[in-house]
Amino acid sequence: MSHIIAPSILASDFGNLQSEVEMVNQSQAQWFHIDIMDGVFVPNISFGFPVLKQIQKHSTKPLDVHLMIVNPDQFIKKFAEHGTEILTVHIEACDHLHRTIQAIHAEGMKAGVALNPHTSITLLEDIIQDIDLVCLMSVNPGFGGQKFIENTYNKVKKLKKLIVEKNSKALIEIDGGVNAETAPKLLEAGADVLVAGSYVFGANDPKATIEGLVGL
Ligand code: DX5
Ligand code: ZN
């Protein structure tokens with residue numbers, strides 16, 4: 001499978017949301033990454049359903065929603081109603097992860113599990129067969145534009161091994177600090193999906209930057 005690029009709307013110009021979404025529509029990006037932060041799980045607040053509704057209205061790409069919130073279970077249905085295709089919850093925010101995954105699937109969405117930089121891959125051993133995606137945080141969640149954590153390459157390799165061993169279909173997504181330097185190394189280590197925020201939206205030509213990542 002060739003890799004997927006998911007531009008993160010967090011780094012876009014929210015004053016021109018529609019044209020930013022159109023840019024992604026017209027690009028070769030396969031997914032749209034959407035960061036939801038509650039100010040409790042992470043020390044930042046991003047945006048909620050009114051903004052997501054506008055993205056849903058204009059986007060022609062699958063919405064890859066990354067929840068950085070406590071108690072994600074209470075909003076699963078609402079994210080499905082807002083056109084979410086892949087819903088990712090943090091392992092650190094779920095007491096009953098298996099139940100949460102079942103609830104996401106019951107709403108017809110793909111289920112992802114995100115791991116903070118300090119969280120071990122071994123915690124996925126008994127859930128990897130039930131999930132569609134693992135999102136490895138390569139920065140501490142909460143902000144765009146942070147420095148990539150180098151240990152992520154080791155985690156990708158360990159995760160790839162686990163996925164093969166367990167015959168899982170889960171995709172490996174990397175979130176944080178993806179750019180021209182880190183992207184090729186991540187793909188070589190086994191990543192399937194690369195999220196890119198500031199590298200894309202901070203570029204002079206965001207569309208060409210996306211094409212550059214797609215073409216790796
Ligand atoms: C961080 C978010 C990321 C963020 C990535 O908490 O989950 O998706 O937008 O931003 P960059 O690519 O700028 O590191
Ligand atoms: Zn994210």
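Rules behind the numbers
- Residues numbered from 1 in each chain as written.
- Chains lettered and ligands numbered in written order.
- Predicted model: local features only at pLDDT ≥ 70, side-chain atom pairs only at ≥ 80, totals over all residues.
- Heavy atoms only, no water.
- Donors = N, O, S within 2.8 Å, 3.2 Å for Na, K, Ca; no water.
- Buried < 20%, exposed > 50% of the residue type's maximum accessible area, 1.4 Å probe, protein only.
- Helix = DSSP H or I, 4+ residues; strand = E, 2+ residues; numbered from the N terminus.
- Polar contact = N/O pair within 3.5 Å; in protein donor to acceptor, adjacent residues only side chain to side chain.
- Contact = heavy atoms within 4.5 Å.
- Pairing = 2+ DSSP bridges.
- Axes fitted to C-alpha atoms, helices over the stretch in contact; angles between N-to-C directions.
- Near = heavy atom within 4 Å.
- Areas by Shrake-Rupley, 256 points an atom, 1.4 Å probe, with all protein chains shown as cover.
- Nonpolar A, V, L, I, M, F, W, Y, C, P; charged D, E, K, R; others polar.
- Right-handed = clockwise from strand over helix to strand, strands pointing away.
- Phe/Tyr/Trp six-rings, centres within 6.5 Å; stacked < 30°, edge-to-face > 60°.

So, on to the coordination of the zinc ion (ligand 2). Every protein donor of the zinc ion (ligand 2) is listed here as His33 (NE2), Asp35 (OD), His66 (ND1) and Asp175 (OD), and their distances to the metal cover 2.0 to 2.3 Å. We classify Asp175 as buried; its relative accessible area is 8%.

Before going further, it helps to spend a moment on the environment of Ser59. Assignment of secondary structure puts Ser59 in the loop between helix 2 (49-58) and strand 3 (63-68). Within the structure, Ser59 has its side chain in polar contact with the backbone nitrogen of Lys61 (distance 3.0 Å).

What follows is about helix 2. Of all the residues in helix 2, the buried ones are Phe49, Leu52, Ile55 and His58. Each element contacted by the buried residues of helix 2 is listed here: helix 1 (17-26), strand 2 (32-37), strand 3 and helix 3 (76-81).

To continue, consider the sheet that holds strand 2. The sheet built from eight strands is open, its strands ordered 1-8-7-6-5-4-3-2 with parallel pairing. Pairing within the sheet leaves two strands with one partner each, and these edge strands are strand 1 (4-7) and strand 2. Recorded for the sheet is a direction-independent mean angle of 25 degrees between the axes of neighbouring strands. Two elements, strand 6 (residues 133-137) and strand 7 (residues 171-175), share five bridges in a ladder whose sense is parallel. Bridge pairing in strand 7 links Met137 to Asp175. Together, strand 6 and strand 7 form the strand contacts of helix 5 (residues 152-165), whose direction differs from that of strand 7 by roughly 165 degrees.

Bringing the site of ligand 1 into the picture now. Residues in contact with ligand 1 amount to 20 residues; listed here are only the nearest, Asp35, Gly142, Gly145, Asp175 and Ser198. Contact distances for ligand 1 include 2.8 Å between an oxygen atom and a backbone N or O atom of Gly177. In this structure, an oxygen atom belonging to ligand 1 sits 2.5 Å away from a side-chain N or O atom of Ser198. Burial of ligand 1 by the surrounding chains reaches 99%, relative to a free accessible area of 380 Å². Elements that contribute at least two residues to the shell around ligand 1 include exactly strand 2, strand 3 and strand 8 (193-196). For the shell around ligand 1, the residue count by class is eight nonpolar, ten polar and two charged.

All right, on to the pairing of strand 5 (residues 110-115) then. By the criterion of burial, strand 5 is predominantly enclosed, with five of the six residues buried. Pairing geometry for strand 4 (residues 84-90) and strand 5, over five bridges, is parallel. Across the sheet, the residue bridging to Leu87 is Ala111, located in strand 5. Each parallel crossover has a hand, and for strand 4 linked through helix 4 (residues 97-106) to strand 5 it is right-handed.

With that out of the way, let us pick up the packing of aromatic side chains. In this structure the tally under the stated criterion is four aromatic pairs. Considering the side-chain rings of Phe49 and Phe79, the 4.7 Å spacing of their centres and the 45 degrees angle between planes classify their relative orientation as tilted. In this pair, Phe49 sits in helix 2 while Phe79 sits in helix 3, placing the two residues 30 residues apart along the sequence. Across this residue pair, the class does not change: Phe49 and Phe79 are buried. Here the aromatic rings of Phe148 and Tyr153 are separated by 5.1 Å at their centres, their planes lie at 45 degrees, and the arrangement is tilted. In this pair, the class of Phe148 matches that of Tyr153, namely buried.

The analysis is restricted to geometry; functional conclusions fall outside its scope.
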